[in-house]
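# Observations on the model geometry
If you want the building blocks of each chain, they are given just below.
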Protein chains: 2
Amino acid sequence: MSVDRTQVLRAAAALLSRKATATMDEVARAAGIGRATLHRHFAGRDALVRALEQMCIEEAEAALDAARIEEGPADEAVRRLVTASQPAAPLLSFLVTENQLFEGDGQNEGWARLDARLVALFRRGQEEGTFRIDLSPAWLCEAFYGLISSGAWAVADGRVAANDFSYMIAELLLGGARRSVEK
Amino acid sequence: MSVDRTQVLRAAAALLSRKATATMDEVARAAGIGRATLHRHFAGRDALVRALEQMCIEEAEAALDAARIEEGPADEAVRRLVTASQPAAPLLSFLVTENQLFEGDGQNEGWARLDARLVALFRRGQEEGTFRIDLSPAWLCEAFYGLISSGAWAVADGRVAANDFSYMIAELLLGGARRSVEK
DNA sequence: ACCAAGTGAGACATAAATGTCTCACACAAG
DNA sequence: CTTGTGTGAGACATTTATGTCTCACTTGGT
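Reference entry: report on the structure contained in this document. These numbers come from a predicted model, not from an experiment.

### Digging into the overall build of chain A
When helices and strands are counted, chain A shows nine helices and zero strands. Starting at the N terminus and walking to the C terminus, you meet the elements of chain A as α-α-α-α-α-α-α-α-α. Against the 2.2 N^0.38 benchmark of 16 Å for 183 residues, chain A shows a C-alpha radius of gyration of 18 Å, consistent with a compact globule. Each principal axis of the C-alpha atoms in chain A carries an extent, and together these give about 60 × 35 × 30 Å. For chain A, the residues scored as buried account for 54% of the 183 residues in total.

Quick look at the structure:
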């Protein structure tokens, strides 16, 4: 009977990531609920996006925790992180693009935390000699978001099997497309 | 005196890629013209997006041509393509996300052409032994779009220098983040 | 200097989305 | 069965964006 807030947010993210101009009515229908109900849970479009942002940050931090990115070789940590990020991928896909140009009250400080942890991971990899040093941690971080996003979109579109999500992203991010002699 | 259509479209892409819900008025201001003038050139939001799509496809095909992707080693071709794609990057960044869920009249067939050419490039690389075969051409294609997008965004945001655009993208796409023995 | 074409600013009507409300109904707990 | 909570559907007013128009002004060409 009662609406599952999380499920509504996921549906909203899935829709909005590919049609950012979607109406509140469309969001409600995509989530399988009435517009009035959607409005009872989220005061307006802003509130909805905020909730999406909050949930995304929470899930992303949970993924960072679950992947234990401080432990072991950095490349293994990245691999675990990609796998752990899959559930949050559609969410990230929406929020990475919808920057809203950080107008108004400034963006959620959670983003800065995520960035910091991710950058730290890549930096650690560089210091340990696992990652190359000619690609800046900031760019690797950005590329990570971008590939997660692309992966989520490719899976949602049926171009990549959901089971291949982690492998495709982690392999490309870590090893690249070029065939190397050491493999 | 006369408005530069191309410049307006670029400004629109730059804005819309980060705030897809931007108003026609905001677009006009971002382009430095009046709302009435914007309306004289593009009948409405739909027409604007269509024009954006058209221009993007044209520039992307021009980039494919300029990079002569059929010639030489596939990895070199990819490198040339990334460089040639830089001008169209903000445009791509917007259109890759704004899929509009291909409702209505179906998407521009130009996208299919682009995809086909790009996929052919990656497939050629695999057949020649330059690219690994465990990453599907479709995924490499998707990742290419995603990284171009991320790169455009990172540059626009000042996180990556414009001069590093090509290098960062091509190196990550081809070689990955991991440090390999052969380099 | 003159003219023509194109523009910006603003007024305006229309269309569309938003936010609020009511009401009937389903469902779960008691 | 009765009660209470939460829901869907729809009506409604309000806000917001859109599309059209006019008019004064700038600019480039003649």
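### Details of the pattern of salt bridges
One pass over the full model with this rule turns up 32 salt bridges over all chains. When the shortest N-O distance is used, the salt bridge between Arg10 of chain B and Glu59 of chain B registers 2.5 Å. With a gap of 49 residues between them, Arg10 of chain B in helix 1 (residues 5-16) and Glu59 of chain B in helix 4 (residues 45-66) connect regions that are remote in the sequence. Take Arg10 of chain B: its relative accessible area is 33%, and that puts it in the partly exposed class. In this structure, a network of salt bridges that share partners links the residues Arg18, Asp157 and Arg159 of chain A together with Glu142 of chain B.

### Things to note about the packing of helix 5 (residues 74-85) of chain A against helix 7 (residues 109-127) of chain A
Residue and element names in this part refer to chain A. At a minimum axis distance of 9 Å, the contact between helix 5 and helix 7 shows a crossing angle of 150°. Taken together, the axis directions place helix 5 and helix 7 in an arrangement best described as roughly antiparallel. When helix 5 is examined against helix 7, the residues Ala74, Ala77, Val78 and Leu81 are found in contact with a partner set consisting of Leu118, Leu121, Phe122, Arg124 and Gly125. A breakdown of the residues in the contact of helix 5 with helix 7 according to their chemical character gives seven nonpolar, one polar and one charged.

### Quick look at helix 1 (residues 5-16) of chain A
All names here are of chain A. With twelve residues, helix 1 extends 16 Å between its outermost C-alpha atoms, agreeing within 8% with the 16 Å of an ideal straight helix rising 1.5 Å per residue. Along helix 1, the residues that are buried comprise Val8, Leu9, Ala11, Ala12, Ala13, Leu15 and Leu16. Where helix 1 is buried, its residues touch helix 2 (24-31), helix 3 (35-41), helix 4 (45-66) and helix 6 (89-97). You can read the cap of helix 1 off the contacts: a side-chain oxygen lies 3.1 Å from the backbone nitrogen of Thr6, and it is on Asp4.

### What to know about the relation of the copies chain A and chain B
When chain A is fitted to chain B, the best match, at an RMSD of 0.1 Å, comes from turning it 180° and sliding it 0.0 Å along the axis. In the structure described here, the two chain copies are related by an operation that fits a two-fold rotation axis. When each C-alpha of chain A is compared by its distance to the rotation axis, Gly176 of chain A comes out closest, at 1.8 Å. When the interface residues of chain A are mapped onto chain B, 100% of them are again interface residues, pointing to one common binding face.

### With respect to unusual backbone geometry
A positive phi angle, near 45°, is found at Arg68 of chain A, a position not held by glycine. By the secondary structure assignment, Arg68 of chain A is in the loop between helix 4 and helix 5.

### A word on the interface of chain A and chain B
Across the boundary between the two partners, chain A contributes 52 residues, which contact 52 residues of chain B. In total, chain A and chain B occlude about 5000 Å² of area from one another, counting both sides; carbon and sulfur atoms represent 57% of this. There are six salt bridges connecting chain A and chain B. Across the pair Arg159 of chain A and Glu142 of chain B runs a salt bridge whose closest N-O atoms are separated by 2.9 Å.

### Some thoughts on the packing of aromatic side chains
Aromatic ring pairs are defined here through the distance separating the ring centres and the angle between the ring planes. All names here are of chain B. All chains considered together, the criterion is met by five aromatic pairs over all chains. Where Phe122 meets Phe131, the ring centres are 5.9 Å apart and the plane angle is 45°; that geometry is what we call tilted. By the burial criterion, Phe122 is buried, and Phe131 matches it. One aromatic cluster in this structure is built from Trp111, Phe144 and Tyr145.

About the cut-offs
Residues numbered from 1 in each chain as written. Chains lettered and ligands numbered in written order. Predicted model: local features only at pLDDT ≥ 70, side-chain atom pairs only at ≥ 80, totals over all residues. Heavy atoms only, no water. Helix = DSSP H or I, 4+ residues; strand = E, 2+ residues; numbered from the N terminus. Rg over C-alpha atoms; globule rule 2.2 N^0.38 Å. Buried < 20%, exposed > 50% of the residue type's maximum accessible area, 1.4 Å probe, protein only. Salt bridge = Lys/Arg side-chain N within 4 Å of Asp/Glu carboxyl O. Axes fitted to C-alpha atoms, helices over the stretch in contact; angles between N-to-C directions. Parallel < 35°, antiparallel > 145°, perpendicular 65-115°, else oblique. Contact = heavy atoms within 4.5 Å. Nonpolar A, V, L, I, M, F, W, Y, C, P; charged D, E, K, R; others polar. Expected span 1.5 Å × (residues − 1). Polar contact = N/O pair within 3.5 Å; in protein donor to acceptor, adjacent residues only side chain to side chain. Least-squares fit on C-alpha atoms with pLDDT ≥ 70 in both. Buried area = accessible area lost by both parts, 1.4 Å probe. Phe/Tyr/Trp six-rings, centres within 6.5 Å; stacked < 30°, edge-to-face > 60°.

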